[in-house]
Amino acid sequence: MSKKHINRRRFLQMLGAGTVASSALLTACKDKREESAIGNEYVNQVEPPKDKMTFRTNPVTGDKVSLLGYGMMRLPTVGGASAREGKEEIDQEQVNRLVDYAIEHGVNYFDTSPAYCQGQSEKSTGIALHKYPRNKFFVATKLSNFNPATQTREGSMEMYHNSFKELQVDYIDYYLLHAIGGSGMDDLNRRYIDNGMLDFLVEERKKGKIRNLGFSYHGAIEVFDYLLSQHDKYKWDFVQIELNYLDWDYANEINDSNTDARYLYAELEKRGIPAVIMEPLLGGRLSNLPQFLVKELKTRDPEKSVASWAFRYAGTPEGVLTVLSGMTYMEHLKDNLLSYSPLKPVSKEDEDFLYEIARKIVGVETIPCNDCKYCMPCPYGIDIPAIFVHYNKCKNEGTLPNDSRDENYDRYRREYLIGLDRSVPRLRQADHCIGCGQCEPHCPQNIRIPRELRKIDEFVERLKRGDDENEDS
C-alpha cells in the first residue's frame, strides 16, 4: 500500500445514542440476495490448489494465520427460507462441506458471534470444527452484548461462557469486543467498562482462556482513538477494521460519517497491531459493480473475477493478518481461495487503477446499503434492505427511469415497478414507513433510512402516476 501523509478529517459521530439491537443482528444470516454473487464468472472456475495458501504471522503470538478467513455470518440455509421472516434453518451438512473444503485448502481462521444467524452461528461453527484437532484452526468470536439485558455483568458473563459451550472449545483464539464505536463512548462504557467486563477479559487472557484480545470497530472515531490510546494498558493483540479500495479514501463520502480506512490502518500499523479485515467487498458492492466498471476490470485482466480485485487489495498490506469473507456458496469459497493461493499483491499501478474505480463508484451515488440487515426487523414490517437493493441494482445497471425523455423510459419504468413488486411484497414497501427512526441507529453505514425510504416512495409514486418529470431520485 502506498504510504501518504495522513490528514485527519473531521469525523462525525454515528447518528443515534442507542445500541445496536440484538434482534437486528440476529437476522444477519443468508437470504436469496447473496452479498457476493458474481454472475457467470464461476462457469469455468479453476480448481484452487491445496498447498498454496498465503499465511501471515501474528507478531504478538506467533500464530500462522491463513490470509483468507472464513466469516460465519452468512451461512447457507435449508430451503432458502427468508431470514427476514425469522424462519431459516442453517444447512449444517453444507456448512460442514464448506468448512472441510476450506481447511483442506489451507484456511484456518473462522470468525463467528453469538449474534450471527439468529444465534445459530456459534453452534454451527462448533459442529463443523469439532472433528479437527484443536491446533488445526483458530476460532474468533465476540462479546455481542448489544441488548440491554446482556450488558449487565451477569448477562455478559453468561454470553461469554456460552460461547465456549457452543463452539465446543476450552479456549478461544481471538476474542473481540463487538462493534465498538457505533454509539460513542457511552456505549463503550456501558457494555465493557462500567460492568467490569473488559478487565475480566484481560484476566481471562492471562489465564489462557483467551489467546488474543481485540475489538471490531464501527463508527465513532473517538472510541477507536481512545482504545488505541489505552494500548499500553490493554495490549490489544489485534483490531478488526473495514478495509477495501473504496473505504480507503471514500468511507466518509459513501457512508456519511465513517472513517477512511487509510487512517484506521495507519494507526494500527504505527503501533504494530495486526489488522483483521472485514467487508473487503463492502457487503457485496465491490462484486456487483455497474457494468461499465466491470468492463474496465475485465479489460485489465479478463481471467480474474470482479471480487478478486477487492480481495487482493485487502490482503496486500503487510500489517493485515487475515481477510474475512462470508462465503455462502462453494463457488465463492473457491474464487477467494484462488485470490490467496498464493496472493499476488496489487502493484502500484493496480492500486492507482482501483482508486480510479473507487472515484467512479462514488460518482454513481447509490444508497450505501450493505444488505447487512442490522436495521431489521422493522416494527412496521418494511423490508428496508430489499427496497434499497432493488433501487441500487437498477441504478448500477443504468435502468433507473429518471428521465421521461429517454427512449427507454417506459420500459425502465415498467421493469422497475414489476421488479419491485417481485422483490418486496406490497405491504413491506417504502410507502408503509411511518418515519419512526428506530432503524437508523442500527445502521453501520449511517444511512438516514427514513429519509431514503421517503425519497424512494415519492419516486415510486411518480412512476405509478406516470408523471412527466425529469428528476433524479
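All of these numbers come straight from a predicted model, not from anything done at the bench.

**What to know about the sheet that holds strand S3 (residues 68-71)**
Where strands meet in a sheet, backbone hydrogen bonds hold them as pairs that are either parallel or antiparallel. Strand order in this closed barrel of 8 strands is S3-S4-S5-S6-S7-S8-S9-S10, and the pairing throughout is parallel. Pairs of neighbouring strands in the sheet enclose a mean axial angle of 30°, with direction left out of account. Examined bridge by bridge, S3 and strand S4 (residues 109-111) share 2 bridges and lie parallel to one another. Within the sheet, the bridge partner assigned to tyrosine 70 lies in S4 and is phenylalanine 110. Across the face of the sheet, helix H4 (residues 153-167) comes into contact with strand S5 (138-143), strand S6 (172-180) and strand S7 (210-217) while running at roughly 155° to S5. Those strands touched by helix H10 (residues 261-271) are S7, strand S8 (238-242), strand S9 (275-278) and strand S10 (320-325), and its axis lies near 170° from that of S8.

**Observations regarding the confidence of the model for the protein**
Of the residues in the protein, 86% reach a pLDDT of 70 or more, and the chain-wide mean stands at 87. Confidence drops under a pLDDT of 50 for residues 1-39, and excluding neighbours within four residues, the segment shows 139 contacts in the predicted structure. Within the model, the stretch residues 468-473 combines pLDDT values under 50 with 18 contacts to residues more than four positions away or in other chains.

**Concerning the pattern of salt bridges**
Applying the stated criterion to the full structure yields 24 salt bridges. Where arginine 411 meets glutamate 415, a salt bridge forms, and the shortest distance between an N and an O atom there is 3.4 Å. Here glutamate 415 and arginine 411 lie together in helix H16 (residues 409-423), a separation of 4 residues that amounts to about one turn. Take arginine 411: its relative accessible area is 37%, and that puts it in the partly exposed class. On the basis of relative accessibility, which here comes to 39%, the residue glutamate 415 falls in the partly exposed class.

**Quick notes on the nonpolar core**
Membership of the largest hydrophobic core comes to 94 residues, with the highest contact counts inside it found for Phe215, Phe224, Trp236, Ile241, Tyr245, Leu289 and Leu333. With 7 residues, helix H12 (residues 306-315) is the largest single contributor of residues to this core. Residues contacting tryptophan 236, with those up to four places away along its chain left out, are Leu177, Leu198, Leu213, Gly214, Phe215, Leu227, Leu228, Gln230, His231 and Ile273.

**Description of helix H3 (residues 121-129)**
Most of H3 is tucked away, with 7 of its 9 residues classed as buried. The set of residues buried in H3 consists of Ser121, Glu122, Ser124, Thr125, Gly126, Ala128 and Leu129. In the core, the buried residues of H3 are packed alongside helix H2 (92-104), S4, S5 and H4.

**What to know about the pairing of S9**
Here S9 shows a buried face lined by Ala275 and Ile277 and a second buried face lined by Val276 and Met278. One ladder, built from 4 bridges, connects S8 with S9; its direction is parallel. Within the sheet, the bridge partner assigned to glutamate 242 lies in S9 and is methionine 278. Where S9 and S10 come together, 3 bridges link them in parallel fashion. Pairing of alanine 275 across the sheet is with valine 320, part of S10.

**What about the side chain of serine 216?**
With respect to the helices and strands, serine 216 occurs in strand S7. From its side chain, serine 216 meets the backbone nitrogen of alanine 179 in a polar contact 2.7 Å long. What serine 216 contacts, discounting residues up to four positions off in sequence, is Leu176, Leu177, His178, Ala179, Ile180, Gln240 and Met278.

**Brief notes about unusual backbone geometry**
Residue proline 342 is reached from serine 341 by a cis peptide bond, and omega for that bond is -5°. In this structure, proline 342 sits in the loop between helix H13 (330-340) and helix H14 (348-364). Here methionine 376 and proline 377 are connected by a cis peptide whose omega angle stands at 0°. Along the chain, the position of proline 377 falls in the loop between H14 and helix H15 (384-397).

**Comments concerning the packing of aromatic side chains**
Evaluated as defined, the whole model comprises 19 aromatic pairs. Ring centres of tyrosine 160 and tyrosine 175 lie 5.3 Å apart, and the angle between their planes is 90°; this geometry places the pair in the edge-to-face category. Taken as a pair, tyrosine 160 in helix H4 and tyrosine 175 in strand S6 lie far apart in primary sequence, 15 residues in all. We classify tyrosine 160 as buried; its relative accessible area is 0%.

**What about the packing of helix H11 (residues 291-300) against H14?**
With their axes 11 Å apart at the nearest point, H11 and H14 run at an angle of 170° to one another. In this view, H11 runs roughly antiparallel relative to H14, as classed from their interaxial angle. Across from Phe292, Leu293, Glu296, Leu297 and Arg300 in H11, the residues of H14 making contact are Glu349, Asp350, Phe353, Leu354, Ile357, Lys360, Ile361 and Val364. A breakdown of the residues in the contact of H11 with H14 according to their chemical character gives 8 nonpolar, no polar and 5 charged.

Conventions used here
Residues numbered from 1 in each chain as written. Predicted model: local features only at pLDDT ≥ 70, side-chain atom pairs only at ≥ 80, totals over all residues. Heavy atoms only, no water. Pairing = 2+ DSSP bridges. Helix = DSSP H or I, 4+ residues; strand = E, 2+ residues; numbered from the N terminus. Axes fitted to C-alpha atoms, helices over the stretch in contact; angles between N-to-C directions. Contact = heavy atoms within 4.5 Å. pLDDT = per-residue confidence, 0-100. Salt bridge = Lys/Arg side-chain N within 4 Å of Asp/Glu carboxyl O. Buried < 20%, exposed > 50% of the residue type's maximum accessible area, 1.4 Å probe, protein only. Core = buried A, V, L, I, M, F, W, Y, C linked by side-chain atoms within 4.5 Å. Polar contact = N/O pair within 3.5 Å; in protein donor to acceptor, adjacent residues only side chain to side chain. Phe/Tyr/Trp six-rings, centres within 6.5 Å; stacked < 30°, edge-to-face > 60°. Parallel < 35°, antiparallel > 145°, perpendicular 65-115°, else oblique. Nonpolar A, V, L, I, M, F, W, Y, C, P; charged D, E, K, R; others polar.

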